[in-house]
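What follows is the residue order along each chain.
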Amino acid sequence: MARFDRRAVILGLGAAAVGGASLAGAGAAPAYEDPDAMYAALRGQPGQQLKIGGGTINLVFADGAPGLARAPVLAWVRTAAMALTAYFGRSPVSDYGLLVIVEPGDRVGHATTFGYAGSATRIHVGVDAGPAAFDRDWVLVHEMVHTALPDLPRRALWLQEGNATYVEPIARALIGQLPPEEVWKEAVAGMAKGNPHAGDQGMDGTRAWGRLYWGGALFWLLAEIGIYRDTNGARSLRDALRRVNRMSGGNTATWSPEQLMTAGDEAIGATSLSRLYKRFATRAVTTDLVELFGELGVVTASDGRLILDNRGALVKLRERVTSQ
Ligand SMILES: [Zn+2]
């Protein structure tokens, strides 16, 4: 049950992050809130098998999802899976269950991902959600990224949320769903929330929303830069995460953070990840974001617009991050 508890924490934060879509039927216990009920629905209700990137998605519309148009949902799921395939080089898991639960409204609601009885996500979708809502959605790709890495102990939640937050827009950019400018605009706005405040300790065990999601994402951006520098541009974070994904088989496995960093480091032939993890886990590390984004050539103009320029020591890396 400990693992459900932890996912419940992610769910609460995820709901806040997407605007807190509420469930229908005030007072009634929401259906499929218990992950065992979700797994039972994925096994027992009629599903549709989608083959993408060498993996199989078992897509189930919970209770037939009355009123929800199928075609836009199918296109949305396919696109998200293609983004994951672009990032990880293939589907990150061989079998993935996706339970779509219809709710009132016109947007994608909250979602939670589990791994203890197979990689699976439960996601709420507004009955009136159209292609524009699906096109804008980041939640499904975020959840799918959670399936790619092994599950970690509770203290390392920031590594998991940070990874999904960091990889999601990049994966979408790789298939042309998000322009690189948007990826960096989100990073600039978000990572400002990720630095520690006075009195904060290391990242391990943190429960503060900004640090969990954006402090975690900043860690992975710094890992990207560390790998680039330590290997003179020969390897990337993508290489490390692909290796971790292949070795673990995704979120049905449980690893320690140290194991994850070692496996990633083996892929790049350096110790970039292990060293950075040690620094971040145990003490508060403040990053100069103006300097960091300046090196990446990500500049905020005086009128507030974001400009990608060609000056800065890490411009090549920035361009590579969002390229296939
Ligand atoms: Zn998440």
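For the structure, check the block above.
Being a predicted model, the structure only gives us computed values, none of them experimental.

Quick look at the environment of Ala69
Structurally, Ala69 can be placed in the loop between β2 (55-61) and α3 (70-88). Assessed through its relative accessible area of 45%, Ala69 is described here as partly exposed. Linking Ala69 and Gly215, residues 146 residues apart in sequence, is a C-alpha distance of 38 Å.

Details of the nonpolar core
Counting residues in each nonpolar core, the largest one holds 93 residues, and the members touching the most others are Val77, Ile123, Tyr166, Trp184, Met191 and Trp220. It is helix α8 (residues 209-230) that contributes the most residues to this core, 13 residues altogether. When residues of this core are sorted by domain, at least three fall in each of domain 1 (2-148) and domain 2 (154-321). Judged by nonpolar contacts, the second largest core, of eleven residues, contains Met38, Ala41, Leu99 and Ala120.

Points about the packing of aromatic side chains
Using the criterion set out here, one finds eight aromatic pairs in the structure. Relative to Phe134, the ring of Trp76 lies with its centre 4.8 Å away and its plane at 35 degrees, an arrangement referred to as tilted. Placement of Trp76 in helix α3 and of Phe134 in helix α4 (residues 131-136) is noted, with a sequence separation of 58 residues between them. Of the two residues examined, Trp76 and Phe134, each falls in the buried class. Between Phe219 and Phe280, the aromatic rings sit 5.5 Å apart at their centres with planes inclined by 75 degrees, giving edge-to-face as the arrangement. Residue Phe219 is found in helix α8, and its partner Phe280 is found in helix α11 (residues 272-282); the two are separated by 61 residues along the sequence.

Notes on the pattern of salt bridges
Taken as a whole, this structure holds eleven salt bridges when the rule is applied. As a salt-bridge pair, Glu168 and Arg172 come within 2.9 Å of each other at their nearest N and O atoms. With a gap of four residues between them, Glu168 and Arg172 both fall in helix α6 (residues 157-174), about one helical turn apart. Judged on exposure class, the residue Glu168 and its partner Arg172 are both buried. Asp309 is the salt-bridge partner of Arg311, the closest N and O atoms lying 3.2 Å from each other. The class of Arg311 is exposed, set by a relative accessible area of 64%. With relative accessibility at 14%, the residue Asp309 sits in the buried group.

Quick notes on the coordination of the zinc ion
Looking at the zinc ion, one finds its protein donor set to be His142 (NE2), His146 (NE2), Glu161 (OE) and Glu161 (OE), positioned 2.1 to 2.8 Å from the metal centre. Here the zinc ion is ringed by four donor atoms whose angles at the metal span 51 to 146 degrees, and the overall shape comes out irregular. Taken in chain order, the donor set of the zinc ion reads H-x3-H-x14-E. Here the residue His146 occupies a position in helix α5 (residues 139-148), and Glu161 occupies one in helix α6, the gap between them amounting to 15 residues. Neither residue differs from the other here; His146 and Glu161 are each classed as buried.

Observations concerning helix α9 (residues 237-248)
End to end, α9 covers 16 Å across twelve residues, agreeing with the expected 16 Å (1.5 Å per residue, within 8%). Just downstream of α9, Gly249 is the residue with a positive phi angle, here 80 degrees.

Regarding the environment of Gly54
One can find Gly54 in the loop between β1 (47-52) and β2. For the pair Gly54 and Ala263, spaced 209 residues apart in the sequence, the C-alpha separation amounts to 23 Å.

Brief notes about the side chain of Thr231
Take Thr231: it is sitting in the loop between α8 and α9. Excluding residues that lie within four positions of it along the chain, Thr231 makes contacts with Ile268 and Ala270.

Some remarks on empty space enclosed by the protein
Scanning the entire structure with this criterion turns up six cavities of 30 Å³ or more. Space inside the largest cavity adds up to approximately 100 Å³. In terms of lining, the largest cavity is formed by 13 residues, of which the most central are Ile57, Ala81, Ser91, Pro92 and Tyr96. For the lining of the largest cavity, the elements supplying multiple residues, two or more each, are β2, α3 and α5.

Thresholds, definitions, all that
What you see as residue numbers is a count from 1 along each chain, following the sequence as written. The predicted origin of the model limits local features to residues at a pLDDT of at least 70 and limits the giving and counting of side-chain atom pairs to 80 or more, whereas totals for whole chains, interfaces and linings rest on all residues. Working from all heavy atoms in the structure, the side-chain values ignore hydrogens and water. Runs of E in the DSSP output that reach at least two residues are strands. Runs of H or I that reach at least four are helices, and both are numbered from the N terminus. For every residue, the accessible area (1.4 Å probe, protein chains only) is compared with the maximum for its type, and the residue is labelled buried under 20%, exposed over 50%, or partly exposed between those bounds. Only buried Ala, Val, Leu, Ile, Met, Phe, Trp, Tyr and Cys residues count toward a nonpolar core, and they belong to the same one when joined by side-chain atoms within 4.5 Å. Note that the domain bounds were set by an automatic or database domain assignment. Here is the rule: rings of Phe, Tyr and Trp (six-membered ring for Trp) pair when centre to centre is within 6.5 Å. Planes less than 30 degrees apart are stacked, more than 60 are edge-to-face, and the remainder are tilted. Salt-bridge detection follows one rule: a side-chain nitrogen of Lys or Arg within 4 Å of a carboxyl oxygen of Asp or Glu. Shown as donors are all N, O and S atoms within 2.8 Å of a metal ion, widened to 3.2 Å for Na, K and Ca; because water is not in the atom set, sites may appear incomplete. Under this scheme a four-donor centre is tetrahedral when all angles range from 85 to 135 degrees, a four-donor centre is square planar and a six-donor centre octahedral when opposite donors are above 155 degrees with the rest from 65 to 115, and any other centre is irregular. Each helix should span, by expectation, one fewer than its residue count multiplied by 1.5 Å. Whether two residues are in contact is decided by their heavy atoms, any of which lying within 4.5 Å being enough. In the cavity and pocket records, a cavity denotes points on a 1 Å grid over the protein atoms alone where a 1.4 Å probe fits but cannot get out, a pocket denotes an open set with protein on both sides within 12 Å along at least 5 of 7 lines, and lining residues are residues with an atom within 4 Å of a point. Grid points are joined across faces, edges and corners, and a volume is the space filled by probe spheres set on the points.

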